[in-house]
Amino acid sequence: MNKPRGNDPTIAEAAHSVWLRPPVPRAVPPLTRERITEGAVALLDEEGLDRLTMRHLAERLGVGTTTLYWHVKTKADVIDLAIDAIFGETSLPDRNSGDWRENIVALLADCRATLLRHPWSAALPLRQRPSIGPNFLAWMEFLQASLVRVGFRGKAVTAACWLLYSHLQGSTASQSSLRWSDSERAAAQEQLRRHRDTYPTLASHEYLLDDDWEQNFHLGLRYALDGLQAQIDT
């Protein structure tokens, strides 16, 4: 029996039968702001800020770049959404109960842990424009309301708020971005020791060997709160 040839029209027709074709993969879910945000956070966590481009994000979402641009206009928009999403991971204490200092420590410590889970966010200096997403604003509302509750008013609220926020931001940015090995630290500290006449304080306090980020954050926060308490008392 002769085998049908590859160019036999009956075979060509059969190849077009729905039963001989694999099922079409399920359609990509429609693009939404929530999907864009989730994809952006995942990309940033896995690959870092340098790898975030509109084209790369669109590829990860399984859509064309033009489709992505229908929802967000710029890379800065994407970063805004991603930052607000991670502030949504933080917990807000009960603003109407508890000691104001304890509440602020809990608020900032939880936020610090969140930012460190997303190192790209801590390293951003929260960027060239302020964050005004709902999660960030809720977080900042709690911080400022806690200060108002204990007597800060007007410009004092803003100054106290940025003192605390800057401590949080500086601590997380430094910890996330520093990339020194133990051997590099030791070599640098040894150089300080050799120049102890020029840098006596840095040499004696082992400036370059101190990497207890957690303790330094909480101790610095306590000093800041002690200063704010002194303002309240006066």
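What you see is a predicted model, and the numbers here were worked out from it, not measured in a lab.

Each value, and the rule that gives it
- Residues numbered from 1 in each chain as written.
- Predicted model: local features only at pLDDT ≥ 70, side-chain atom pairs only at ≥ 80, totals over all residues.
- Heavy atoms only, no water.
- UniProt positions renumbered as here; feature names shortened; annotations may be inferred.
- Helix = DSSP H or I, 4+ residues; strand = E, 2+ residues; numbered from the N terminus.
- Phe/Tyr/Trp six-rings, centres within 6.5 Å; stacked < 30°, edge-to-face > 60°.
- Buried < 20%, exposed > 50% of the residue type's maximum accessible area, 1.4 Å probe, protein only.
- Salt bridge = Lys/Arg side-chain N within 4 Å of Asp/Glu carboxyl O.
- Core = buried A, V, L, I, M, F, W, Y, C linked by side-chain atoms within 4.5 Å.
- Domains from an automatic or database assignment.
- Contact = heavy atoms within 4.5 Å.
- Axes fitted to C-alpha atoms, helices over the stretch in contact; angles between N-to-C directions.
- Left-handed = near helix turned anticlockwise from the far one by under 90°.
- Nonpolar A, V, L, I, M, F, W, Y, C, P; charged D, E, K, R; others polar.
- Expected span 1.5 Å × (residues − 1).
- Parallel < 35°, antiparallel > 145°, perpendicular 65-115°, else oblique.

### Section: the UniProt feature "DNA-binding region" (unreviewed entry) in the chain
Stage number 1. Within this structure's numbering, the places UniProt gives as "DNA-binding region" (unreviewed entry) are residues 53-72.
Stage number 2. Measuring from the first to the last C-alpha atom of residues 53-72 gives 12 Å, for a span that is 75% helix and 0% strand.

### Let's talk about the packing of aromatic side chains
For any two aromatic rings, the description comes down to two numbers: the centre-to-centre distance and the angle of the planes.
Stage number 1. Counted by the stated rule, this structure contains 6 aromatic pairs.
Stage number 2. With a centroid separation of 6.4 Å and 20 degrees between ring planes, the pair formed by Phe136 and Trp139 is classed as stacked. Here Trp139 and Phe136 lie together in helix H8 (residues 134-149), a separation of 3 residues that amounts to about one turn. Neither residue differs from the other here; Phe136 and Trp139 are each classed as buried.
Stage number 3. Where Trp162 meets Tyr165, the ring centres are 5.3 Å apart and the plane angle is 75 degrees; that geometry is what we call edge-to-face.

### A few points about the pattern of salt bridges
Stage number 1. Counted under the stated rule, the structure contains 8 salt bridges.
Stage number 2. Between Arg117 and Glu89 there is a salt bridge, with its nearest N and O atoms 3.2 Å apart. A residue pair is termed long-range when its members are at least 10 positions apart, and Arg117 in helix H6 (residues 100-117) and Glu89 in the loop between helix H5 (75-87) and H6 qualify at 28 residues.
Stage number 3. Between Arg193 and Glu190 there is a salt bridge, with its nearest N and O atoms 3.1 Å apart. With a gap of 3 residues between them, Arg193 and Glu190 both fall in helix H10 (residues 182-194), about one helical turn apart.
Stage number 4. Here Arg193 falls in the partly exposed class, since its relative accessible area comes to 26%.
Stage number 5. Of the residues examined, Glu190 reaches a relative accessible area of 35% and is grouped as partly exposed.
Stage number 6. Three or more residues joined by partner-sharing salt bridges are found here, namely Glu46, Glu47, Arg51 and Arg60.

### Quick word on the nonpolar core
Stage number 1. One finds Leu108, Trp139 and Leu164 to be the most contacted residues of the largest nonpolar core, which totals 47 residues.
Stage number 2. Of all the elements in the fold, those that place two or more residues in this core are helix H2 (33-47), helix H3 (54-61), H5, H6, helix H7 (119-123), H8, helix H9 (155-177) and helix H12 (213-233).
Stage number 3. Top element by residues in this core is H5. It accounts for 7 residues.
Stage number 4. Both domain 1 (21-73) and domain 2 (92-233) contribute no fewer than three residues apiece to this core.
Stage number 5. Contact partners of Leu108, with chain neighbours within four places excluded, come to Trp139, Leu143, Leu164, Leu168, Phe217 and Leu221.

### Here we look at the packing of H6 against H12
Stage number 1. As a packed pair, H6 and H12 sit with axes 11 Å apart at the nearest point and diverge in direction by 145 degrees. H12 is crossed by H6, and the crossing has right-handed handedness. Judged by residue contacts, Trp100, Arg101, Ile104, Val105, Leu108, Ala109 and Arg112 of H6 engage Trp213, Glu214, Phe217, His218, Leu221, Arg222, Leu225, Asp226, Leu228, Gln229 and Ile232 from H12.
Stage number 2. Here the residues of the contact of H6 with H12 are counted per class, giving 11 nonpolar, 2 polar and 5 charged.

### Section: H2
Stage number 1. Spanning 15 residues, H2 covers 21 Å between terminal C-alpha atoms, matching the ideal 21 Å at 1.5 Å per step.
Stage number 2. Downstream of H2 by one or two residues, Gly48 has phi in the positive range, about 90 degrees.

### Description of the side chain of Ser176
Stage number 1. Counting through the fold element by element, Ser176 comes out in helix H9.
Stage number 2. Look past the residues within four positions of Ser176 in its chain and what remains in contact with it is Leu116, Pro119 and Ala122.

### Regarding the environment of Val41
Stage number 1. Residue position: Val41 is located in helix H2.
Stage number 2. Note: C-alpha distance between Val41 and Ile86 (45 residues apart in sequence) is 8.2 Å.
Stage number 3. In this structure Val41 touches Ala82, Ala85, His118 and Trp120, once residues within four positions along its chain are discounted.

### Some points on the packing of H8 against H9
Stage number 1. At a minimum axis distance of 10 Å, the contact between H8 and H9 shows a crossing angle of 125 degrees. On the basis of the axis angle, H8 is oblique to H9. Where H8 crosses over H9, the two elements pack in a sense that is right-handed. Where H8 abuts H9, its residues Phe136, Trp139, Met140, Leu143, Gln144, Leu147 and Val148 lie against Val157, Ala160, Cys161, Trp162, Leu164, Tyr165 and Leu168.
Stage number 2. Residues of the contact of H8 with H9, tallied by class, amount to 13 nonpolar, 1 polar and no charged.

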